Amino acid sequence: MFGDRALPPPANTARNVGINDVAARAGVSPGTVSNVLNRPERVAEATRLRVEEAIRELDYVRNSSGRSLRAGRSDSVGLLVLDVTNPFFTMVAQGVEDQAAEAGRTVMLLNSSEDPERQRRSLRLLAEQRAAGAVVMPVDDDVTDLLWLRERGIPWVVLDRGDVGADVGSSVYVDNHAGGLAAGRHLISLGHERITFLSGPLSLEQCRVRLAGLRAALDENGFDSENGVRVIETGSLTAASGDKAAEEVLAGGPRRRPQAVFCANDQLALGLLKGLGERGLGAPADLSVVGYDDIDVAALVHPGLTTVAQPKYEIGRAAMRLLAAELDDPGGHRYERLLFEPRLVVRGSTAAYREP
């Protein structure tokens, strides 16, 4: 229509630019602009290029919320994590986001801070935003909020939890019992018999099952797993909680303190190492310390932190794949449970036991 002539000057962009402005700028109908945005294969290349140029020049931003309301559902999925500051969840989120991007979906990141009420509000927000689905790391065993979400037509996949039944929904998790068992066997092989488990809230399945794995290692080696493991439960799985717990770990003096501490995650372990250092002690000279997750900083501290590694990025991608499968085929989809195996990574924070 315009041949070699320059396009008309840009419209006033002080206001919100709409699809009609783009159509006028490109000399096409609003329906053609809509096709370029949603079904570009239906538009002749020359026309599509002209519309795309108008979009760039007008700095047009499509109104996805309006389109979502018309469709009844958006292209976004929610990701609800326990602690957005924990590097473990950062890697999980990257896996979820990369997999979602390949399917043309966006991810809304939400943080429960291990708080059931905040989890409830976050899931309700996803319903209000007409999210297509959700990947959720629950704060406890209660799946009421998740069932409420599904009743509203929003499918979900549970991540990092193994006790969700296949009749309820899909799940992706790592064998926490095997991880605890590996940590326990490692410490026992070094001659440690008096072991403390430094835990986050025991309402979290991950903490309980890792403790069970540690106790299983003691049992198989003939130790009293109930009395041989002291459990210290902190309020959260953070470095600050590990630092604060150092005093309780060391209570009773050199001959009563543990020979080794197995921490429910790396954050607790790193905080504990800080607390030990502030008291003139360290690992492994005074006691061995094992973490869980293998976040990047675990290999950067000195000595390096012995830990149980989880395939963080991979489980994020797997969870999003399961969710996408249900979104693409809601009628024929069947719930799945994917189990990943952890691995022990031995570094300098553990060593053979020596009498103080």
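Calculation criteria
Residues numbered from 1 in each chain as written. Predicted model: local features only at pLDDT ≥ 70, side-chain atom pairs only at ≥ 80, totals over all residues. Heavy atoms only, no water. Buried < 20%, exposed > 50% of the residue type's maximum accessible area, 1.4 Å probe, protein only. Helix = DSSP H or I, 4+ residues; strand = E, 2+ residues; numbered from the N terminus. Contact = heavy atoms within 4.5 Å. Phe/Tyr/Trp six-rings, centres within 6.5 Å; stacked < 30°, edge-to-face > 60°. Lys NZ or Arg CZ within 6 Å of the ring centre and 35° of its normal. Core = buried A, V, L, I, M, F, W, Y, C linked by side-chain atoms within 4.5 Å. Axes fitted to C-alpha atoms, helices over the stretch in contact; angles between N-to-C directions. Parallel < 35°, antiparallel > 145°, perpendicular 65-115°, else oblique. Left-handed = near helix turned anticlockwise from the far one by under 90°. Pairing = 2+ DSSP bridges.

*Asks:* Even after reading the chapter, I still don't get helix α11 (residues 239–249), so can you show me in this structure?
*Replies:* Each α-helix turn comprises 3.6 residues. Residues three or four places apart therefore point the same way. Here α11 has its buried residues at S241, G242, D243, A245, A246 and V249. Against the buried residues of α11 lie β6 (195–199), β7 (229–233), β8 (260–263) and α12 (266–278).

*Asks:* How should I be thinking about the packing of aromatic side chains in this particular structure?
*Replies:* All told, the structure shown has three aromatic pairs when counted by the stated rule. Measuring from centroid to centroid gives 6.3 Å for F262 and Y292, while their planes differ by 40 degrees, and the two rings are tilted. One end of the pair, F262, is in strand β8; the other, Y292, is in strand β9 (residues 288–293), and 30 residues separate them in sequence. According to the relative accessible area criterion, Y292 is buried, its value standing at 0%. By way of ring pairs, the aromatic residues F197, F262 and Y292 are connected into one cluster. Directly above the aromatic system of W156 lies the positively charged group of R150, at a separation of 4.4 Å from the ring centroid.

*Asks:* Hey, could you run me through the nonpolar core in this one?
*Replies:* Most often, soluble globular proteins have nonpolar side chains that are buried together. Formed by 65 residues in total, the largest nonpolar core has its most connected members in L159, V172, L198, F262, C263, L272 and V289. Ranked by residue count, the leading element in this core is helix α13 (residues 312–328), at eight residues. What L272 contacts, discounting residues up to four positions off in sequence, is L198, G242, D243, A246, V249, V261, C263 and V289. Within the second largest apolar cluster, 14 residues are counted, among which are L123, A127, L146 and W148.

*Asks:* How should I be thinking about the packing of helix α5 (residues 87–102) against α13 in this particular structure?
*Replies:* When two helices pack together, you describe them by how their axes are tilted relative to each other and by the distance separating the axes. In contact at an axis separation of 7 Å, α5 and α13 are set at 40 degrees when each is read in the N-to-C sense. It follows that α5 is oblique to α13 by the angle criterion. Note on packing geometry: the crossing formed by α5 with α13 is right-handed. Between α5 and α13, the residues in contact are F88, M91, V92, Q94, G95, V96, D98, Q99, A100 and E102 and K312, Y313, I315, G316, R317, M320 and R321, respectively.

*Asks:* Teacher, can you tell me more about the packing of helix α1 (residues 19–26) against helix α3 (residues 45–58) here?
*Replies:* Where α1 contacts α3, the axes come no closer than 9 Å and their chain directions differ by 120 degrees. What the angle tells us is that α1 and α3 run oblique. Judged by the sense of rotation from one axis to the other, the crossing of α1 with α3 is right-handed. Each of D21, V22, R25 and A26 in α1 lies in contact with α3, whose residues at this interface are R50, V51, A54, I55, E57 and L58.

*Asks:* Sorry, what's going on with the sheet that holds strand β3 (residues 133–136) here?
*Replies:* Whether parallel or antiparallel, the strands of a sheet pair through hydrogen bonds between backbone atoms. Spatial ordering of the open sheet is given by β2-β1-β3-β4-β5-β11, a layout of six strands whose pairing is parallel. Because the sheet does not close on itself, it has two edges, and the strands there are β2 (106–111) and β11 (337–340). Averaged over all neighbouring strand pairs, the angle between strand axes comes to 15 degrees, with direction disregarded. Here strand β1 (residues 76–81) pairs with β2 via six bridges, running parallel. The residue of β2 that forms the bridge with L80 is L110. Sitting on the sheet, helix α6 (residues 116–128) touches β1, β2 and β3, and the angle it makes with β2 is about 155 degrees.

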